Amino acid sequence: VNQVMSLYDAIGTVIPISMLPSEITEKLHKDNTDMLFITFYGSTSSEETIDAVKEIRNISEEKIKLGGMSSMVLDTMELSNKEILIYIVIAVILCIVVLELSLNSYMVPIFLLLNIGCAIMYNLGTNIFLGEISYITKALVAVLQLGVTTDFSIFLYHSYESKKKIYKTKEEAMKEAIKETFTSGSSLTTVAGFLVLCTMKLTLGRDLGIVMAKGVILGVISVLTLFPSLLLVFDSLIEKTKHKSLNLKFERLNKFIVKHHVSLFIIFLVVSIPAYLGYKNVEVYYKMDSSLPATLESISTNTELKEKFNIVSPEIILVDTSLKNDDVTKMLDEIKNVDGID
């Protein structure tokens, strides 16, 4: 930044700003604001570029506002990293509330979430073999893994409770519960679903697909090993903290569905028509800044550039040095005549 400012001052010294054409100066200086262009050697989201943006912000002491895609990527990273812990805590609290109501022991939800927490830690730790993962994947993996692997734990616990009524010892009951959970096969469909993301040309899909498929596998392994161990070791404590669970049988609803299955099928077909029409008319936006708070530095800077300098979508044209001056001039004249281009 210091080099850029020195160069800018040098230009102003050699060629006074007042002598430059107004059509140029009004694009670079307006309302006591000067606009500078910074070009990085690395890609928009490379580690070197992001570190450079951080350094520019640190040494500018708020005298310079930085916009552009790299600045936006940095703001998105910092925002997601800051909020990860918040929504994980919210997810855990909501899960505990639901599990305390639906399961018959106050301690089982604690052991269940402890088991899933270990599986999430194993998944995040084994990402070292991938070299690096996207910050978006990092932000999503914990909550996603919690959501898709909780059912396996609940299935094993319910199976264990039912087997205890049949078998003499809790160890025998757990053996059958583990076997029943392992042969259910539901985990394989979840893994396959995430692996399909790897076929996307967008590499974020492959990144998220591999990490989540690995997370489900590690989650199932944890459910079949660590969770049974916790249930067996603390079996007496679980028995002492048992309570009446919220048991919704939906008997009337079951009878109604079976009795009117043809009518429900016809309703489903009829409702599918407006649903499909609604889907076809939902607009999709691909602007990252539309999803970010207006208070972020990158977003506020881009807004200021739009308002002061009318810069909505800046583009840079690189020409070969062998191109003749008259050809460059001719090209510029043609570009100026294109509607919407300034």
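Everything below is about the structure printed above this text.
Residues numbered from 1 in each chain as written. Predicted model: local features only at pLDDT ≥ 70, side-chain atom pairs only at ≥ 80, totals over all residues. Heavy atoms only, no water.

## Quick look at a negative patch on the surface
Negative charge collects at one region of the surface, where Glu47, Glu48, Asp51, Glu55 and Glu132 lie side by side. Residue position: Glu48 is located in helix α3 (residues 47-60). Given the relative accessible area of 59%, Glu48 is considered exposed. (Patch = residues over 30% accessible without salt bridge, like charges linked within 9 Å, V, L, I, M, F, W, Y side chains within 5 Å. Areas by Shrake-Rupley, 256 points an atom, 1.4 Å probe, with all protein chains shown as cover. Salt bridge = Lys/Arg side-chain N within 4 Å of Asp/Glu carboxyl O. Lys, Arg positive; Asp, Glu negative; His and termini not counted. Charge placed at Lys NZ, Arg CZ, Asp CG, Glu CD. Helix = DSSP H or I, 4+ residues; strand = E, 2+ residues; numbered from the N terminus. Buried < 20%, exposed > 50% of the residue type's maximum accessible area, 1.4 Å probe, protein only.)

## Let's talk about the environment of Gly67
By secondary structure assignment, the location of Gly67 is in the loop between α3 and α4 (68-102). On the basis of relative accessible area, Gly67 is assigned to the partly exposed category, the value being 24%. Once the C-alpha coordinates of Gly67 and Glu297 are considered, the two residues, 230 residues apart in sequence, prove to be 7.2 Å apart. The residues contacting Gly67, other than those within four sequence positions of it, are Ser298, Thr301 and Asn302. (Contact = heavy atoms within 4.5 Å.)

## Focus on the pattern of salt bridges
Under the definition given, this model contains 11 salt bridges. Lys164 is paired through a salt bridge with Glu161; the nearest N and O atoms lie 3.6 Å apart. With Lys164 and Glu161 both in helix α6 (residues 135-164), this residue pair falls three residues apart, about one helical turn. For Glu161, a relative accessible area of 14% corresponds to the buried category. Lys308 is the partner of Glu304 in a salt bridge, and the nearest nitrogen-oxygen pair spans 3.1 Å. Highlighted residues: Glu304 and Lys308, both in helix α13 (residues 297-309), separated by four residues, approximately one helical turn. Classification of Glu304 by relative accessible area gives partly exposed; the value is 23%. In the salt-bridge network here, residues are joined through shared partners; they are Glu161, Lys164, Asp235, Glu239 and Lys242.

## A word on α4
Taking 1.5 Å per residue, 35 residues should reach 51 Å; α4 reaches 49 Å between its end C-alpha atoms and fits that length. When the local axis directions of α4 are compared, the greatest deviation, roughly 35°, occurs at Glu83. (Expected span 1.5 Å × (residues − 1). Bend = angle between axes of the 7 residues up to and from the residue.)

## As for the packing of aromatic side chains
This model, assessed by the stated rule, comprises two aromatic pairs. Between the aromatic rings of Phe111 and Phe234, the centroid separation amounts to 4.8 Å while the plane-to-plane angle is 20°, which identifies the pairing as stacked. Here Phe111 is found in helix α5 (residues 108-126), whereas its partner Phe234 is found in the loop between α9 (203-233) and α10 (235-240), with 123 residues between them in sequence. Phe234 sits in the partly exposed class, given a relative accessible area of 31%. (Phe/Tyr/Trp six-rings, centres within 6.5 Å; stacked < 30°, edge-to-face > 60°.)

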